[in-house]
Structures are given as C-alpha cells and as structure tokens.
Amino acid sequence: MKKKLSIAIDGPAAAGKSTVAKIVAERLSYVYIDTGAMYRAITYKAIIENLNLEDEEALLDTLLATEIELLPSENGQLVYLDHKDVTKEIRTSEVTNSVSIVSKHPKLREEMVRRQQSFAKSGGVVMDGRDIGTHVLPNAEVKVFLLASVEERALRRHTENMQKGFPSDLERLKQEISLRDKIDSEREAAPLKKAEDAVEIDTTSLTIPEVVDQIMALVDERIG
Ligand code: CDP
Ligand code: CDP
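Residues numbered from 1 in each chain as written. Chains lettered and ligands numbered in written order. Predicted model: local features only at pLDDT ≥ 70, side-chain atom pairs only at ≥ 80, totals over all residues. Heavy atoms only, no water.

(A) Expanded view of the side chain of Thr66. Inspection of the secondary structure assignment puts Thr66 in the loop between α3 (56–64) and β3 (68–71). A relative accessible area of 5% places Thr66 in the buried class. A polar contact is formed between the side chain of Thr66 and the side chain of Lys45, at a distance of 2.9 Å. Excluding its chain neighbours within four sequence positions, the residues that come into contact with Thr66 are Ile42, Lys45, Leu81, Asp82 and Arg115. (Helix = DSSP H or I, 4+ residues; strand = E, 2+ residues; numbered from the N terminus. Buried < 20%, exposed > 50% of the residue type's maximum accessible area, 1.4 Å probe, protein only. Polar contact = N/O pair within 3.5 Å; in protein donor to acceptor, adjacent residues only side chain to side chain. Contact = heavy atoms within 4.5 Å.)

Put into structure tokens, the structure is as follows:
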C-alpha cells in the first residue's frame with residue numbers, strides 16, 4: 001500500500017487553495033480539511049452572540065463550548081456549528097471582514113491547531129490555511145505556498161460572485177483582500193508565512209489543472 005502523506009497548502013486569500021486542495025484530495029482519496037472554515041465558523045458564532053471580537057477569553061470560552069465539524073458531501077465540504085449546517089452563513093461578507101480579527105488571538109489559535117492536528121493524525125490529509133506548513137503540520141511531506149497577484153485574486157472572487165448572482169464590487173474586493181492579508185501576515189501568533197521548506201507556486205497566470213498538476217508532481221516525488 002502507498003504511504004499516506006500529509007499535504008499542507010497555505011497562501012493568502014483567494015489564491016485558489018481550497019479549489020486545488022479539494023481536487024488533490026479527491027485524486028488521492030484523502031480527507032480535505034479547510035481550516036479557514038473553522039475560523040469562519042467561530043467568527044459567525046461570535047457575531048450572532050454579539051461578542052467583543054477583541055475579547056480573547058470570551059472567544060476562547062465560546063470555542064471550547066462549540067463543536068465544529070467539517071463533513072464531505074457531493075456538493076463539497078459542509079460546515080456544521082453545534083450540529084447546524086452553516087456552510088453558507090460563514091461566507092457572508094460580514095464574517096469575511098471580521099474573521100482576521102478573531103483569528104489573531106493566540107489562545108484561540110492554540111485550540112484550533114489542537115483540533116486540526118487531531119483531524120490529521122492518521123495522515124492522508126490535504127489541509128489548507130495560513131499556518132499549516134509552519135505550525136499545524138510542520139512535518140507534512142508536501143508543503144505548498146500558493147500565491148497570485150492581489151488584482152488576480154480579487155478578480156477571481158469577483159467572477160465567482162457574478163457566477164453565483166451575488167452583488168460584487170471589484171475595487172472593494174481588492175481592498176478587503178489586501179486588508180485581510182495584512183492582518184493575517186502581521187499578527188504575532190502564527191502569521192501567514194511561507195514555511196522554509198514549502199514550494200512556492202505563483203498561480204497568477206496558471207489554470208486550476210496546471211496548479212493541481214504541479215502539486216501532484218510533488219506528491220509523486222514523495223510517494224516514489
Ligand atoms: O478562502 P479565503 O481565502 O477567503 O479564507 P479562508 O481560508 O476561509 O480563511 C479565512 C480567514 O481565517 C483568514 O483570512 C485568516 O484570518 C483565518 N485563517 C487563519 O488564521 N489560519 C488558518 N489556518 C486558516 C484561516
Ligand atoms: O481557498 P482560496 O481562498 O485560496 O481560493 P479559492 O476559493 O479556492 O479560489 C478562488 C477562486 O479562484 C475560485 O473561484 C477558483 O475557481 C479560482 N481560480 C483558482 O482557484 N485557481 C486558478 N489558477 C484560477 C482560478
């Protein structure tokens with residue numbers, strides 16, 4: 001039997017992490033874990049419970065009392081918060097524009113990392129996020145850092161919104177993505193950063209299949 005690897009995919013907002021991570025996981029019959037969805041879920045709960053997003057202790061207490069499940073389905077990964085499907089609710093712009101504030105708290109991150117590591121303990125996982133290669137799975141056999149220009153990333157989100165019939169403003173998306181990248185990169189706890197041993201892929205002018213092929217080539221090298 002082939003060795004089951006752990007694959008870490010990090011990078012800034014809308015670089016294509018979840019899209020390619022899902023495809024790579026499917027090809028390998030691995031489990032896909034979207035860690036951003038976990039931070040989004042607790043942010044959603046904090047908003048509906050009217051918590052102060054700067055209050056680390058209140059956020060941690062809430063997280064400790066909260067169950068977050070990531071379940072695969074035919075329509076992609078579903079996110080459950082205390083047994084309720086919140087897959088759509090965690091993608092609103094209100095959550096998107098608050099999630100980086102919630103995610104900067106070190107104690108909250110510690111608990112998230114603990115949960116993420118337990119999901120990954122048997123290997124055979126593709127996990128995407130900001131600190132997977134640096135903190136969550138430092139021993140992952142394959143580490144990828146996906147990049148793309150902020151213009152391209154905003155355009156990708158804009159196209160996605162238009163396809164879904166959602167209102168969308170390209171310039172505003174660009175500003176929101178830049179701000180989120182800035183907060184994620186400048187926070188003290190596990191900032192968005194390429195792991196030293198990660199392979200950087202600039203996807204600005206690459207198609208999804210081209211990015212997937214590059215990652216699969218790295219996987220093949222490691223599986224031998
Ligand atoms: O898909 P998108 O790029 O919009 O973001 P996401 O992966 O859903 O992550 C949402 C936010 O969660 C990020 O902007 C980070 O603030 C936080 N996050 C994090 O801090 N660490 C992770 N491992 C994953 C996400
Ligand atoms: O997970 P992350 O926020 O990094 O990005 P995503 O949600 O996977 O991708 C953002 C959008 O870019 C999706 O609509 C993809 O179809 C599109 N895209 C891509 O992911 N990779 C490319 N090379 C080109 C487009």
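(B) Highlighting the packing of α3 against helix α6 (residues 106–119). Contact geometry for α3 and α6: axes closest at 8 Å, N-to-C directions at 20 degrees. What the angle tells us is that α3 and α6 run roughly parallel. On α6, the residues that touch Glu56, Glu57, Leu59, Leu60, Leu63 and Leu64 of α3 are Pro106, Lys107, Leu108, Glu111, Met112 and Arg115. Residues of the contact of α3 with α6, tallied by class, amount to 7 nonpolar, no polar and 5 charged. (Axes fitted to C-alpha atoms, helices over the stretch in contact; angles between N-to-C directions. Parallel < 35°, antiparallel > 145°, perpendicular 65-115°, else oblique. Nonpolar A, V, L, I, M, F, W, Y, C, P; charged D, E, K, R; others polar.)

(C) Fine view of the site of ligand 2. Not every one of the 14 residues close to ligand 2 is listed here, only the nearest: Lys17, Ser18, Thr19, Glu160 and Leu206. The contact in question runs from an oxygen atom of ligand 2 to an N or O atom on the side chain of Thr19, over 2.5 Å. Contacts to ligand 2 include Arg157, whose side-chain N or O atom sits 2.9 Å from an oxygen atom. Here ligand 2, which alone exposes 540 Å², has 82% of that area covered by the protein. Where the shell around ligand 2 is concerned, the elements lending two or more residues are α1 (17–28), α8 (150–164) and α10 (208–223). (Near = heavy atom within 4 Å. Areas by Shrake-Rupley, 256 points an atom, 1.4 Å probe, with all protein chains shown as cover.)

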